[in-house]
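Each chain is listed here by its residues.
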Amino acid sequence: KQEVTQIPAALSVPEGENLVLNCSFTDSAIYNLQWFRQDPGKGLTSLLLIQSSQREQTSGRLNASLDKSSGRSTLYIAASQPGDSATYLCAVEGGNDMRFGAGTRLTVKP
Amino acid sequence: SQTIHQWPATLVQPVGSPLSLECTVEGTSNPNLYWYRQAAGRGLQLLFYSVGIGQISSEVPQNLSASRPQDRQFILSSKKLLLSDSGFYLCAKPTNKRRCYFGPGTRLTVT
């Protein structure tokens, strides 16, 4: 059974700092990996999707990488802003299901 | 369209009462659909997934059940709620390109 782990569980940084969120998974037989953002009490918004054959995806200040063989992904956020404060979740898809990590709660202080 | 509707938005129910949460989706026909639960301070737990009408797979044995009566409708039910059923319930649908869209969620509090 796929296990997804996210480190750290919480992170607080000053505005403008670059930061990295980590995600690891136990079964490398995946179709894709997604990074999501969740604001308090809200649903999830997909940020980046990396197919299993890809190494990275970029969207604006966000860059996600995937090393399938080692079971790792990182989400890099450049020049963080207070509006980036949210919980970030990674999810891996294999077969007909999608498994999530517990998330990293990010706080960006002005 | 990738719009996903969930009803109700919030719900407070006593222990032992029944439950019915509804998810309806727009867009492509016969989508895969997922029910997830997010307990306070925890990650998302996959509860059920469905690949078509009447086809339900359960991930976690519990007092919840799911049904897919129509192509774009996914129902989460319980005959008798437990305190541990409290949480945030999310319905999700992957697109053809596998990007996953989530509904706005239902906040369930069992008292």
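Structure first, text after, so check above.
Here goes a summary of the coordinates provided. (Residues numbered from 1 in each chain as written. Chains lettered and ligands numbered in written order. Predicted model: local features only at pLDDT ≥ 70, side-chain atom pairs only at ≥ 80, totals over all residues. Heavy atoms only, no water.)

As for the overall build of chain B
Here is step 1: Looking only at helices and strands, chain B has 0 helices and 11 strands in total.
Here is step 2: The linear arrangement of helices and strands in chain B, starting from the amino end, is β-β-β-β-β-β-β-β-β-β-β.
Here is step 3: Judged by the C-alpha coordinates and their principal axes, chain B covers about 40 × 25 × 20 Å.
Here is step 4: In chain B, the proportion of contacts linking residues at least 24 apart, taken out of those at least 6 apart, comes to 53%.
Here is step 5: Here chain B displays about 5200 Å² of accessible surface, and carbon together with sulfur accounts for 53% of that area.
Here is step 6: Across chain B, the mean location of the 11 positive side-chain charges is 5 Å away from that of the 5 negative side-chain charges. (Helix = DSSP H or I, 4+ residues; strand = E, 2+ residues; numbered from the N terminus. Contact = heavy atoms within 4.5 Å. Areas by Shrake-Rupley, 256 points an atom, 1.4 Å probe, with all protein chains shown as cover. Lys, Arg positive; Asp, Glu negative; His and termini not counted. Charge placed at Lys NZ, Arg CZ, Asp CG, Glu CD.)

Regarding the pairing of strand E7 (residues 62–67) of chain A
Residue and element names in this part refer to chain A.
Here is step 1: Bridge count for strand E6 (residues 56–59) against E7 is 4 bridges, and the pairing is antiparallel. The partner of serine 59 across the bridge, within E7, is leucine 62.
Here is step 2: Hairpin connection between E6 and E7: a loop of 2 residues separates the two successive antiparallel strands, and glycine 60 in this loop has a positive phi of roughly 60 degrees.
Here is step 3: In sequence, E7 turns back onto strand E8 (residues 72–77) through a hairpin of 4 residues, with glycine 71 there showing a positive phi of about 70 degrees. (Pairing = 2+ DSSP bridges.)

Quick word on unusual backbone geometry
Here is step 1: Cis geometry marks the peptide bond from isoleucine 7 of chain A to proline 8 of chain A; its omega dihedral reads -5 degrees.
Here is step 2: Mapped onto the secondary structure, proline 8 of chain A falls in the loop between strand E1 (4–7) and strand E2 (10–14).
Here is step 3: The omega angle of the peptide bond from tryptophan 7 of chain B to proline 8 of chain B is -5 degrees, so this bond is cis rather than trans.
Here is step 4: Position of proline 8 of chain B relative to the elements: it lies in the loop between strand E1 (4–7) and strand E2 (10–13).
Here is step 5: A positive phi is found at alanine 79 of chain A, a non-glycine position, where the angle reads about 45 degrees.

What to know about the interface of chain A and chain B
Here is step 1: Counting from both sides, the interface comprises 22 residues of chain A and, opposite them, 21 residues of chain B.
Here is step 2: With both chains or domains summed, chain A and chain B bury close to 1600 Å², and 49% of this area falls on carbon and sulfur atoms.
Here is step 3: Scanning the region where chain A abuts chain B turns up 0 salt bridges.
Here is step 4: Linking chain A to chain B there are 3 residue pairs in polar contact (both at pLDDT 80 or more).
Here is step 5: Mapped by element, the contributors of at least two residues to the side of chain A that touches chain B are strand E4 (32–38), strand E5 (44–51), strand E9 (86–94) and strand E10 (97–100) of chain A.
Here is step 6: Looking at the side of chain A that touches chain B, the element that brings in the most residues is E5 of chain A, giving 6 residues.
Here is step 7: A breakdown of the residues in the side of chain A that touches chain B according to their chemical character gives 9 nonpolar, 9 polar and 4 charged. (Buried area = accessible area lost by both parts, 1.4 Å probe. Salt bridge = Lys/Arg side-chain N within 4 Å of Asp/Glu carboxyl O. Polar contact = N/O pair within 3.5 Å; in protein donor to acceptor, adjacent residues only side chain to side chain. Nonpolar A, V, L, I, M, F, W, Y, C, P; charged D, E, K, R; others polar.)

Notes on the pattern of salt bridges
If the charged atoms of two oppositely charged side chains come close together, the side chains can form a pair.
Here is step 1: The full count for this structure, using the stated rule, is 4 salt bridges over all chains.
Here is step 2: Across the pair aspartate 39 of chain A and arginine 37 of chain A runs a salt bridge, and its minimum N-O distance is 3.0 Å.
Here is step 3: The closest approach of N and O atoms between aspartate 85 of chain B and arginine 37 of chain B, which form a salt bridge, is 3.6 Å. Note that aspartate 85 of chain B is positioned in the loop between strand E8 (73–78) and strand E9 (87–94) and arginine 37 of chain B in strand E4 (residues 33–38), a separation of 48 residues in sequence. Residues aspartate 85 of chain B and arginine 37 of chain B agree in their burial class; the two are buried. (Buried < 20%, exposed > 50% of the residue type's maximum accessible area, 1.4 Å probe, protein only.)

Looking at the packing of aromatic side chains
Here is step 1: In total, this model carries 7 aromatic pairs over all chains according to the counting rule given.
Here is step 2: Ring geometry for phenylalanine 100 of chain A against phenylalanine 102 of chain B: centres 5.7 Å apart, planes inclined by 75 degrees, an arrangement best described as edge-to-face. One end of the pair, phenylalanine 100 of chain A, is in strand E10; the other, phenylalanine 102 of chain B, is in strand E10 (residues 100–102), on a second chain.
Here is step 3: Centroid distance tyrosine 36 of chain B to phenylalanine 102 of chain B: 5.9 Å. Interplanar angle 45 degrees. Geometry classified as tilted. With a gap of 66 residues between them, tyrosine 36 of chain B in strand E4 and phenylalanine 102 of chain B in strand E10 connect regions that are remote in the sequence. When sorted by exposure, tyrosine 36 of chain B lands in the same class as phenylalanine 102 of chain B, which is buried. (Phe/Tyr/Trp six-rings, centres within 6.5 Å; stacked < 30°, edge-to-face > 60°.)

Concerning the sheet that holds E7 of chain A
Residues and elements named next belong to chain A.
Here is step 1: The sheet built from 5 strands is open, its strands ordered E1-E3-E8-E7-E6 with antiparallel pairing. Both edges of this open sheet fall to E1 and E6, since each of them pairs with a single strand only. Taking each pair of neighbouring strands and ignoring which way they run, the sheet shows an average axis angle of 15 degrees.
Here is step 2: Across 6 bridges, strand E3 (residues 19–25) lies against E8 in antiparallel orientation. Residue pairing for E8: leucine 19 is matched across the bridge by isoleucine 77. (Axes fitted to C-alpha atoms, helices over the stretch in contact; angles between N-to-C directions.)

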